[in-house]
4 protein chains.
Amino acid sequence: MARKKLRIGLIGYGFMGRTHSNAFHQAGRFFDLKYTPELIAVCGRDQANAEAHAANWGFSSIETDWRKLIERDDIDLIDIAAPNNVHHDIAIAAAEAGKMVMCEKPLGRNAAESQAMVAAVEKAGVANMVWYNYRRIPAITLAKQLIDAGKLGRIYHYRAKFLQDWTIADDLPQGGPGLWRLDADVAGSGVTGDLLAHCIDTAMWLNGPIDTVSGTTETFIKERMHSLTGNVAPVTIDDASLFMARFDNGSLATFEATRYARGHKALYTLEINGEHASISWDLHDLNRIEYFDHADESQMRGWRSIHVTDGDHPYMDKWWVPGLSIGYEHSFVHQFADFVASLSSKQPAMPNFRDALATDLVTDAVLKSAKSGKWENAHK
Amino acid sequence: MARKKLRIGLIGYGFMGRTHSNAFHQAGRFFDLKYTPELIAVCGRDQANAEAHAANWGFSSIETDWRKLIERDDIDLIDIAAPNNVHHDIAIAAAEAGKMVMCEKPLGRNAAESQAMVAAVEKAGVANMVWYNYRRIPAITLAKQLIDAGKLGRIYHYRAKFLQDWTIADDLPQGGPGLWRLDADVAGSGVTGDLLAHCIDTAMWLNGPIDTVSGTTETFIKERMHSLTGNVAPVTIDDASLFMARFDNGSLATFEATRYARGHKALYTLEINGEHASISWDLHDLNRIEYFDHADESQMRGWRSIHVTDGDHPYMDKWWVPGLSIGYEHSFVHQFADFVASLSSKQPAMPNFRDALATDLVTDAVLKSAKSGKWENAHK
Amino acid sequence: MARKKLRIGLIGYGFMGRTHSNAFHQAGRFFDLKYTPELIAVCGRDQANAEAHAANWGFSSIETDWRKLIERDDIDLIDIAAPNNVHHDIAIAAAEAGKMVMCEKPLGRNAAESQAMVAAVEKAGVANMVWYNYRRIPAITLAKQLIDAGKLGRIYHYRAKFLQDWTIADDLPQGGPGLWRLDADVAGSGVTGDLLAHCIDTAMWLNGPIDTVSGTTETFIKERMHSLTGNVAPVTIDDASLFMARFDNGSLATFEATRYARGHKALYTLEINGEHASISWDLHDLNRIEYFDHADESQMRGWRSIHVTDGDHPYMDKWWVPGLSIGYEHSFVHQFADFVASLSSKQPAMPNFRDALATDLVTDAVLKSAKSGKWENAHK
Amino acid sequence: MARKKLRIGLIGYGFMGRTHSNAFHQAGRFFDLKYTPELIAVCGRDQANAEAHAANWGFSSIETDWRKLIERDDIDLIDIAAPNNVHHDIAIAAAEAGKMVMCEKPLGRNAAESQAMVAAVEKAGVANMVWYNYRRIPAITLAKQLIDAGKLGRIYHYRAKFLQDWTIADDLPQGGPGLWRLDADVAGSGVTGDLLAHCIDTAMWLNGPIDTVSGTTETFIKERMHSLTGNVAPVTIDDASLFMARFDNGSLATFEATRYARGHKALYTLEINGEHASISWDLHDLNRIEYFDHADESQMRGWRSIHVTDGDHPYMDKWWVPGLSIGYEHSFVHQFADFVASLSSKQPAMPNFRDALATDLVTDAVLKSAKSGKWENAHK
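All of these numbers come straight from a predicted model, not from anything done at the bench. (Residues numbered from 1 in each chain as written. Chains lettered and ligands numbered in written order. Predicted model: local features only at pLDDT ≥ 70, side-chain atom pairs only at ≥ 80, totals over all residues.)

This part is about the overall build of chain A. Check the secondary structure of chain A and you find 10 helices and 17 strands. The C-alpha radius of gyration of chain A comes to 21 Å, within 12% of the 21 Å expected for a compact globule of 380 residues. Structurally, chain A occupies a C-alpha span of about 65 × 60 × 40 Å along its principal axes. Counting only residues that meet the buried cut, chain A has 63% of its 380 residues in that class. Look at the contacts in chain A between residues 6 or more apart in sequence, and 68% of them connect residues 24 or more apart. (Helix = DSSP H or I, 4+ residues; strand = E, 2+ residues; numbered from the N terminus. Rg over C-alpha atoms; globule rule 2.2 N^0.38 Å. Buried ≥ 20, exposed ≤ 12 C-beta atoms within 10 Å, placed from the backbone. Contact = placed C-beta atoms within 7 Å.)

Residue and element names in this part refer to chain D. Given a rise of 1.5 Å per residue, 14 residues ought to cover 20 Å, and the 20 Å separating the end C-alpha atoms of helix 9 (residues 330-343) matches this to within 8%. The element helix 9 is largely enclosed, with a buried count of 11 among its 14 residues. Those residues of helix 9 not exposed but buried are His330, Ser331, Phe332, Val333, His334, Gln335, Phe336, Ala337, Asp338, Phe339 and Val340. Buried positions along helix 9 lie against strand 1 (4-11), helix 1 (15-30), strand 2 (35-43), strand 5 (100-103) and strand 6 (128-130). (Expected span 1.5 Å × (residues − 1).)

We now examine the relation of the copies chain A and chain C. Least-squares fitting of chain A to chain C yields an RMSD of 0.0 Å, with the transformation described by 0.0 Å of translation along the axis and a rotation of 180°. Here the two chains are linked by the operation of a two-fold rotation axis. Identified as the residue of chain A closest to the rotation axis by C-alpha distance is A:Gly327, at 2.3 Å. A share of 100% of interface residues in chain A that are also interface residues in chain C marks the association as one of identical surfaces. (Least-squares fit on C-alpha atoms with pLDDT ≥ 70 in both.)

Here we come to the relation of the copies chain C and chain D. Aligned on chain D, chain C shows an RMSD of 0.0 Å; the corresponding rotation is 180° and the shift along the axis is 0.0 Å. A share of 100% of the interface residues of chain C reappears at the interface of chain D, consistent with the copies meeting face to face through the same patch.

Now for the interface of chain A and chain C. Taken together, the contact between chain A and chain C spans 25 residues of the former and 25 residues of the latter. Of all the secondary-structure elements, those providing two or more residues to the side of chain A that touches chain C are helix 1 (15-30) and helix 2 (47-57) of chain A. With three residues, the single largest contributor to the side of chain A that touches chain C is helix 1 of chain A. Per-class residue counts for the side of chain A that touches chain C are 12 nonpolar, nine polar and four charged. (Nonpolar A, V, L, I, M, F, W, Y, C, P; charged D, E, K, R; others polar.)

Residue and element names in this part refer to chain A. Strand 15 (residues 288-293) sits mainly inside the fold: six of its six residues count as buried. Residues Arg288, Glu290 and Phe292 line one face of strand 15 and the alternating positions Ile289, Tyr291 and Asp293 line the opposite face, and both faces are buried. Both strand 14 (residues 277-282) and strand 15 contribute to a ladder of four bridges, which runs antiparallel. Residue pairing across strands places Ser280 opposite Glu290, the latter belonging to strand 15. Linking two consecutive strands that pair antiparallel, namely strand 14 and strand 15, is a turn of five residues. Sheet topology note: the strand 15/strand 16 (residues 303-307) ladder contains four bridges and is antiparallel. Paired with Glu290 across the strands is Ser305, a residue of strand 16. (Pairing = 2+ DSSP bridges.)

Turning to the environment of B:Ala139, a few remarks are in order. Residue and element names in this part refer to chain B. With respect to the helices, strands and loops of the structure, Ala139 is situated in helix 6 (residues 138-148). Of the residues examined, Ala139 has 24 C-beta atoms within 10 Å and is grouped as buried. Spatially, the C-alpha atoms of Ala139 and Ile306 are 8.7 Å apart, while their sequence positions differ by 167 residues. Contacts of Ala139, omitting those with residues within four sequence positions, involve Trp281, Leu286, Asn287, Arg288, Ile289 and Val308.

For the rest of this paragraph, the subject is the interface of chain C and chain D. Contacts between the two partners involve 30 residues from chain C and, on the opposite side, 30 residues from chain D. For the side of chain C that touches chain D, the secondary structure elements donating two or more residues are strand 7 (155-163), strand 8 (210-218), strand 11 (240-247), strand 12 (252-258), strand 13 (267-274) and strand 14 (277-282) of chain C. The element contributing the most residues to the side of chain C that touches chain D is strand 12 of chain C, with four residues. Looking at side-chain class alone, the side of chain C that touches chain D contains 13 nonpolar, 12 polar and five charged residues.

Quick look at the structure:
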């Protein structure tokens, strides 16, 4: 039986545009997809860049206006890999045009934008997903399975950090090509939306909803030059953001993200302590998970360093043989394969827009708390 | 020239009584002390236990009433290794009797007690020190030297945790022999005073004063049986305590202590991120320090795992040869050797009572914030 | 200017067939190739399998007889990913037909086969390369650069291990589909040619030629059933192989490979100790390299754990951003990109057939020594 | 009931003299000894040094001639911590005088010396022990218990290394005070007897007798100045020594020791792979043992990092609380406590002279093989 086609229009050709395009190609090579991805068009404001991306990744055409892309009949799915400030308009227009929508994280620049986006896709009844790719690191998926199987028992503690150091230099410009993450108008916020959002999405997937938060943020270097205008202006983003949280299940948490942690490139770490067992993980060694099981014989209890590369580990039967690592980009491949699988199942691919809204509610609450100095409700 | 004697009266024969007694013996074997410690008396309420401790450790006599110990003429130094609830009375009485005073941490059960103790030793003009022993782990001392030498530059972040799991079982009694740390009347608080106090002392030594804090605490199991009475009563201590902090130098911090982190026995960890370099350390591998230096050649930058056992590392010329580890108890030996050295120098041994009061001000502020839900001043 | 085409015929659709096919696709997406790979045909004895591989990976046609593949005019390059016992015949026929040849490792089942293969490609003057892919792990390439730059100084020691545990069960069959590595007729030897060959290739690349070896081998389970015939027969391969070596540069080495090291999946490790610095690496954490530099300030000397994912690390400017890992298959992508680059340069891609012959001379010497009980010359 | 006295005469006041003296003191503080050690005399050729050692460690008297020490009636036990070249004469004289004898390792400079020493103590029927202290690292003792309990099943592989780097500098003198380990006349051999001997003792304790060996040695710097005479002379010791071994139980092994492994101070490591489980350990992190158990649930198999500091771990009920490390010197304390315990039991303390002779037979075989280039029998 012939496979159906899944005709894709991608918006954005930057870092995330590359990870998505790679996923579209690799998913079919390694997973048995029921739909064949077709790369119909890539869209970006710069025509030369769009053409280069199309040539490199095999897109059949380009657009320089996303509205035109959405108008096209030959596209089933709009994938948004553009900066955060256009997520809202594109996603709503795409949903209204009846397209499936995949969107890079965070969903909106704030929960209000995200709420409108959720309303649009739910009203339209179109498939939708947000690229919180870390759920599909096999080690993280395994953690989810262990928790769901009750291996940890009651959860007492959760802690997550996302540490980087790339903005420490005080002569780094803010804003402009490749630097929009340093401009709050475009990005919505600094590390809160960029890095903490990842930590929060994983945390709520593994440990359920967050109830209340108390946070604080800091901008260490107060003024920077803009890369396009050359003007020195106040820095609008948060360089560091940290918060305490209480989950609905009664567990306590600390979260921290910063771009001022010298020595860390992209050190997303998490740890979860349960009554019976604990788990920890970090992105720099993404093929491993550390697991402690109190049920082990007393003298021989210790943290197990599990190399999550066996055939019975999540996703790993699709790749190589035990002991052979996969990398960062594979998480996108897995997520896209799951999305395609969801199209012929009754289970929507997670996280969908509504799931991602929940994360934006938490980041909004963190930013609100950072101003109020009080605990804030993360559910609304 | 004959060495002077330092005649010691120890109060307490428990876990800390043993670490101190060991330090009194070992310091002279490995360090060139200007005073010879003489173990005059050990004092404890249980005569048989006191006698056993005296026999084992070579104390010449025992007392069962600490007031009598303080009255004795043949003692220069009172060392308090008894539970927290008697620190205040003993220390003040000892100071008033003109004795030098060493006291286990935390100094008082709260800052008010500590304030009175500071006033007493300062009025009496007697040498005083608090056993925040982790400052004397060679790796921590080395960290202090690196920071003081400016290797890290401006500090952006500090984070510390003290994770244990020994109270998770819900049939564990509270209070009574060996369990007084679970009784707030005796201990003052739970992990805040027991574990966080260590983290705070080290942090302020390395990174300067803490300005404000926002904290929260939790008691996971609400009622426990008392080991002496058999009565079930509400648990009065905090099982977990975590807080965010801002230091006077502008750096941000997270602190956490808990006895509900499955898989961790005594995992005191700290990390400090500066403009130029970062440091991290943990108590389970206490002979190592991790160090990242951004000044390293770009391609070869990485966290260095330094085995702090060379002759040019702090204290290590006194022990064995490079690569050979020391253990936990050595931190007490170092601290006592430093105390003795301070008696013939103009520099008081750190941390003294006033230093330890600063820590109690922070723990008080954390507990206050946990109730108020707001940021609290940690200086007063 | 239009790129030239590089028309590829692949022989073999197993584990290595997949890694090569993936490399053909990915190289052009991430590297600026001067030739465009075209996947003309895949060849294998089982038609259905060959068709499935062609469909999945985009080969235009299939062959079931490798001789026919070589006869085709529309192919520039023959890539051999078939079992070891056919490397010799295919490579020589391909060379004689004027095709470029890439061959999986080991080159031949023994040095005599390899010698003939070298003669064939050199006589034909065709480009040739052997897939010792680990040279192209960025961490290993970085090690090579550091050594070549003199960072290590005189080399004293080299040690390498390749530890697996997948054949421990005594009911595992030998030979047949997926198990030809357990049949010496097909594979040439056991772990000596399969695993040690990798260790030796890297070692001689990093540390120069091996002069003499003294080795020993063991077969722990003496008889196994054949998966096709069901007959129980003596096991012909070596389960474990270890040897001592002296390099031409005077350094000493130990090498070990086994499939009986419980707890290790594919733990290829190496360490090299020089006068000034040392390096170690392992395949389970392939993005890291450990580096010790004696020139570091004395108190702060330690092994640096370098996460080889920065833009100035070998190959890594082609992938993502600092801190984001790549995986096993990327080594093949790098190697193929280097091969293509070599076609328009004067530098042949390494390792070529002659380089791979040197490795086979060492494995032959190891096996000879295992029988003689003496040191054997590894140069001939 | 009064404890008996154990009157000790120590010969040697260097590094090992200090570790033994410390053990004599600490054993009684932490273990319930049936005999009370009395430090009667310390003996050394330099009177001032002997007096300093006596003063520091509480020996009642000194001797400068070991023969006089042995003649004394007030001594039960002669402990030899002098350089290797006097072990033989002292031990035999002590045994003949009816003294118990403890001796630093290696027992003799070669097996012939050791054989005579074994004969002497066995003829005299005196208690005897050799200070292979690493058996008493709790992690190693735990490994022994696991192996004896059958947790590992059939053993396939053993590997051990002892890596140092302190002799790399070519201006280091050989011989003289503190440097006798670099003089083969005194030491017997270089790293073979100094470092490999430790590895071999542990290995045979854990894995049984070694049957045959094939080894090689190297002296990287051929001439050095003598520290006393100033004369430049050929270096007589081995800087590096490595060998392959076959144990009686059929397992294969590699052993290596060197003082030319840049970056390693005293890195004694071992790993043992069994049918069901594996163990690894290293001296730089001596409180940990790594353990892999194939019986763990498939998805959750990993190397467990066990912090061997719990009350149910060997020796650890005597020290502090879980998570708190001990150090190098504790292994001597444990060994002495075990020796004292053996005096009132029917079990001699291990390893005794005969056990240590077995190690010397192996080191002799390694050195013989290094000359012959062949496998040599390690049993005789």
